[in-house]
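Descriptive analysis of the structure
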Protein chains: 2
Amino acid sequence: MQVSKFIGFDEALRFVVENVRPSKPETIPLSEGVGFVIAEALQARVSCPSLASSLKDGYAVVSKDVENASDGIPSRLRVIGRMEAGTGDRLSITSGHAVEVTTGAPLPEGADAVLAVEFTHREGDEISCYRDAGPGRNILAAGADAALGEIVAIKGTRLTPPLVGLAAASGVDRVSVFPRPKVSVLATGTEIVAPGLPLRPGQLYASNMVTLRSWLKQFNMECSCLIAPDEAEAIRDAARRAVEVSDVLITSGGAWKSDRDLTVNVLRDMGLELLFRRVRMGPGKAAAFGFIKDTPVFCLPGGPPSNEMAFLQLALPGLLAMAGLPSAPFSTLEAILTEEVSGDEDWTQFIHADWVDQDRRRHVTPIGLTSRLQSQARATALIRIPEGTTNFRKGEEIEIQILHRPMGLC
Amino acid sequence: MQVSKFIGFDEALRFVVENVRPSKPETIPLSEGVGFVIAEALQARVSCPSLASSLKDGYAVVSKDVENASDGIPSRLRVIGRMEAGTGDRLSITSGHAVEVTTGAPLPEGADAVLAVEFTHREGDEISCYRDAGPGRNILAAGADAALGEIVAIKGTRLTPPLVGLAAASGVDRVSVFPRPKVSVLATGTEIVAPGLPLRPGQLYASNMVTLRSWLKQFNMECSCLIAPDEAEAIRDAARRAVEVSDVLITSGGAWKSDRDLTVNVLRDMGLELLFRRVRMGPGKAAAFGFIKDTPVFCLPGGPPSNEMAFLQLALPGLLAMAGLPSAPFSTLEAILTEEVSGDEDWTQFIHADWVDQDRRRHVTPIGLTSRLQSQARATALIRIPEGTTNFRKGEEIEIQILHRPMGLC
């Protein structure tokens, strides 16, 4: 493959998502499982509930006994005992009798309905019933939530909190999931300094590295960080270490074509097979992707907006796909442009923007600060101008990716 | 206050959010800060960049020297040296001279523009310049991203990944944040069994506890779990332990009015001061809220939908407020109802629902499965029918809370 040419953004994204492989499944405790995608169907190991049980505090009755009960003509029944949730005592009734039950209590044999306590009046062992209760009323049948052996979630399902709850109720205790990949971020550049160290004139703190690490953290992925100067040997050593300890290597900087931009060349010497080296997207055109043996490698450019955009639009979708998740990291919504935006006919353009809901309409405004870092930090959305399209006028609707809610909560 | 009466849902939510206190700020490494709200403004400790620097690989020039340069009539300049990012060497130029610069390199003294390498042709020490480059072109001024002492984020800002990056670039290394509260979840019920243990007939796995723990995990909050049978002493001991180790206590079960529903009464004996005990909301009416000394306590009902709904609509907003976050856990959007829904005039009703975007319209369908646990697990949204409203017809627009995207990613 001729990788030195530019490829279109959509094609690049497809290359990434189709070529990364799902992580090897791991078994973890169910209670740690929220957010993971399951690698095997979840099957109920018990019936839930294990016995038919009452949904209310009240009286277990034979429904026929109360079918004509009303305020004016109550039915009268004799209470022969009481059953509570979790105690294991079982009673049985026949017509004319009732058993007091608490919420969650199993039903006495012979009962087919529960009359809620608020529709009864008790004196001694007698109750007056002021309402009917048809067969099954206020009863949760055995296995209603999950029957022994029932599939409660198919392979590929993402574990949401209530699904974890349903699985727990079904007796599931451990789950096989696609783990999220462990990532190494290697920042290259002789001028780059790790946060916390002193800064000499002309040097820069490794803000790209910190930004990527924070995105990874937000998506619950582990990240190791490394910094190497623009020297082949240092980059090679760091990359070798990264490939050993991580599932994915992301490099930052040195991905363009000047003679100092060593990274891609050093990695190719190490066996990096590239699937693409340049993408018709802005910012982020100098994004390369390939594999060293089985390890996916993303070489991202060093300019802050290029670095972050190539990460969000190409690398992050690949990482999510490895974890079995939908590859699009962000929700998309339609919003009305408050000013014109333009891109290039043969290029996919991403623009930092700010969105707001006002008067039941959603508006989006491009952010054009001189400081690129401040534009990134201010953005709550990204406008995408796809290849083949150039201008969108003020007032037009455009699709935006929601990075966070304006108030700051994801 | 007379707490035995029902209060409206909106009032209950206001009581929670207005009465919890923000967590005591803690200082943490910036690299761990994403998602936290800062308790102090972030101030730049260095200028970024520290020196004016080149945004391109190219040649630093005196802009006047190239103001008439074109393909037809190139300007010719003598290259007197090369400057790279991070090496610290400084040169200076006067008219007629240029210095080769790499991206990120500081500018030589005397230069006021950088001409990108693609608009030049070099032979030996001479370059031909084919384009102009006005003053400032391709130069990032010193302090353009952040000037020493500049406030880069005000108190109360949520740290997003690129804001963490900007802070790192500004020399910030540690941040003061409002920590997320540590929560104890105490599940009560003699029939309740911890996942992983064997289940006897009539017993239930503690699915509410697991669901709440998973929600807390999804919102990055630590959670300790405890189970106590319906016995005053056991509940008291567990609650005492929970209050010692946690910032917030959430109980599950035993919050309604039957004689077995001990939890609230036991906690009141321990000093619980209630702000409300019942709420005009469904599911979730038996939700109580108050304080044991300074510790917020939420007593949630034991029915699974009531438990989760009272947690999501009342407890979780309080927990988020303690962390300085917006109290609404979920985005709201408008969606078109695919069938009629109804509530009660004097009641706030929440309905599990499923939403989908189709043909550029968003539709929402109530989920009415017999199994409450399955309805919860299937829901991707919640419909809210506010007090004072009863019916919404098929085809009407209604506000929904987005629990997750239908494809399963938050």
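Residues numbered from 1 in each chain as written. Chains lettered and ligands numbered in written order. Predicted model: local features only at pLDDT ≥ 70, side-chain atom pairs only at ≥ 80, totals over all residues. Heavy atoms only, no water.

Further remarks concern the environment of Val117(A). Residue and element names in this part refer to chain A. Within the secondary structure, Val 117 is located in the loop between β9 (113-116) and β10 (120-123). By relative accessible area, Val 117 is classed as partly exposed at 41%. What Val 117 contacts, discounting residues up to four positions off in sequence, is Asp 57, Gly 58 and Tyr 59. (Helix = DSSP H or I, 4+ residues; strand = E, 2+ residues; numbered from the N terminus. Buried < 20%, exposed > 50% of the residue type's maximum accessible area, 1.4 Å probe, protein only. Contact = heavy atoms within 4.5 Å.)

The next point concerns helix α3 (residues 207-218) of chain B. Residue and element names in this part refer to chain B. Helix length check: α3, at twelve residues, gives a terminal C-alpha distance of 16 Å against a target of 16 Å (1.5 Å per residue), a fit within 8%. Among the twelve residues that make up α3, nine are buried, leaving the element largely enclosed by the rest of the structure. Among all positions in α3, only Ser 207, Asn 208, Met 209, Val 210, Thr 211, Leu 212, Ser 214, Trp 215 and Leu 216 are buried. Phi turns positive one or two residues past the end of α3, at Asn 220, with a value near 60°. (Expected span 1.5 Å × (residues − 1).)

This brings us to the relation of the copies chain A and chain B. The relation between the two copies of this chain is a rotation about an axis and a shift parallel to it. Screw-axis analysis of chain A against chain B gives a translation of 0.0 Å along the axis, an RMSD of 0.1 Å, and a rotation angle of 180°. In the structure described here, the two chain copies are related by an operation that fits a two-fold rotation axis. Here 100% of the contact residues of chain A are again contact residues in chain B; the copies associate through an equivalent surface. (Least-squares fit on C-alpha atoms with pLDDT ≥ 70 in both.)

Across the nine residues that make up helix α2 (residues 161-169) of chain B, a large majority, nine, are buried. Taken as a whole, α2(B) has its buried residues at Pro161(B), Pro162(B), Leu163(B), Val164(B), Gly165(B), Leu166(B), Ala167(B), Ala168(B) and Ala169(B). Those residues of α2(B) hidden inside the fold are in contact with β17 (204-205), α3 (207-218), α6 (304-322) and α7 (372-378) of chain A together with β4 (42-43) and β13 (151-153) of chain B.

To continue, consider the sheet that holds strand β2 (residues 26-29) of chain A. Residue and element names in this part refer to chain A. Pairing is antiparallel in the open sheet, where three strands are placed in the order β2-β14-β3. Looking at which strands have only one partner, the edges of the open sheet turn out to be β2 and β3 (37-38). Where β3 meets strand β14 (residues 174-178), two bridges bridge the pair, whose relative direction is antiparallel. Its bridge partner being in β14, Ile 38 is matched across the sheet by Val 177. (Pairing = 2+ DSSP bridges.)

Bringing unusual backbone geometry into the picture now. All names here are of chain B. Across the junction of Cys 48 and Pro 49, the peptide omega takes the value -5°, indicating a cis bond. Its location among the elements puts Pro 49 in the loop between β4 and β5 (53-54). That bond from Gly 282 to Pro 283 is cis: its omega, -10°, falls within 30 degrees of zero. Relative to the elements of secondary structure, Pro 283 occurs in the loop between β21 (278-282) and β22 (288-292). Despite not being glycine, Asn 220 shows a phi value in the positive range, around 60°. Here Asn 220 shows up in the loop between α3 and β18 (223-228).

Facing the 80 residues of chain A at the interface are 80 residues of chain B. Along the contact surface separating chain A from chain B lie four salt bridges. The salt bridge partner of Lys217(B) is Glu32(A), with a shortest N-O separation of 3.1 Å. One can count 14 residue pairs in polar contact (both at pLDDT 80 or more) joining chain A with chain B. Elements with a minimum of two residues in the side of chain A that touches chain B: α2 (161-169), β17, α3, β24 (332-337) and α7 of chain A. (Salt bridge = Lys/Arg side-chain N within 4 Å of Asp/Glu carboxyl O. Polar contact = N/O pair within 3.5 Å; in protein donor to acceptor, adjacent residues only side chain to side chain.)

Given two aromatic rings, their pairing is described by the distance between the two centres and the angle made by the two planes. The full count for this structure, using the stated rule, is 16 aromatic pairs over all chains. Residues Phe6(B) and Trp347(B) carry aromatic rings whose centres are separated by 5.7 Å and whose planes lie at 50° to one another, so their mutual orientation is tilted. With Phe6(B) in strand β1 (residues 6-8) and Trp347(B) in the loop between β25 (341-342) and β26 (348-358), this residue pair connects regions lying 341 residues apart in the sequence. A relative accessible area of 31% means that Phe6(B) is categorised as partly exposed. In this structure Trp347(B) comes out as buried when scored by relative accessible area, which is 18%. If you follow Arg180(A) out to its NZ or CZ, it ends over the ring of Phe36(A), 3.9 Å from the centre. (Phe/Tyr/Trp six-rings, centres within 6.5 Å; stacked < 30°, edge-to-face > 60°. Lys NZ or Arg CZ within 6 Å of the ring centre and 35° of its normal.)

Turning to the pairing of strand β27 (residues 361-366) of chain B, a few remarks are in order. Residues and elements named next belong to chain B. Only one face of β27 is buried, namely the one carrying Arg 362, Val 364 and Pro 366, since none of Arg 361, His 363 and Thr 365 on the opposite face is buried. Alignment of strand β24 (residues 332-337) against β27, held across two bridges, turns out to be parallel. Bridge pairing in β27 links Ile 336 to His 363. Summarising the sheet, β26 and β27 pair through six bridges and their orientation is antiparallel.

Okay, the sheet that holds strand β7 (residues 75-83) of chain B next. Residues and elements named next belong to chain B. Taking strand neighbours across the sheet as the criterion, the six strands line up as β9-β6-β8-β7-β11-β10 in an open arrangement whose pairing is mixed. The open sheet has two edge strands, β9 (113-116) and β10 (120-123), and neither has a second partner. The mean angle between the axes of side-by-side strands here comes to 40°, regardless of whether they run parallel or antiparallel. Two elements, strand β6 (residues 58-61) and strand β8 (residues 97-101), share three bridges in a ladder whose sense is antiparallel. Bridged to Gly 58 within β8 is Val 101. (Axes fitted to C-alpha atoms, helices over the stretch in contact; angles between N-to-C directions.)

What follows deals with the environment of Val20(A). Residue and element names in this part refer to chain A. Mapped onto the elements of the fold, Val 20 is located in the loop between α1 (9-19) and β2. The exposure class assigned to Val 20 is buried, which follows from its relative accessible area of 8%. Through-space distance from the C-alpha of Val 20 to that of Gly 58 is 57 Å; in sequence the pair is 38 residues apart. Those residues in contact with Val 20, other than ones at most four positions away along the chain, are Phe 289, Phe 291, Pro 296, Gly 318, Ala 321 and Met 322.

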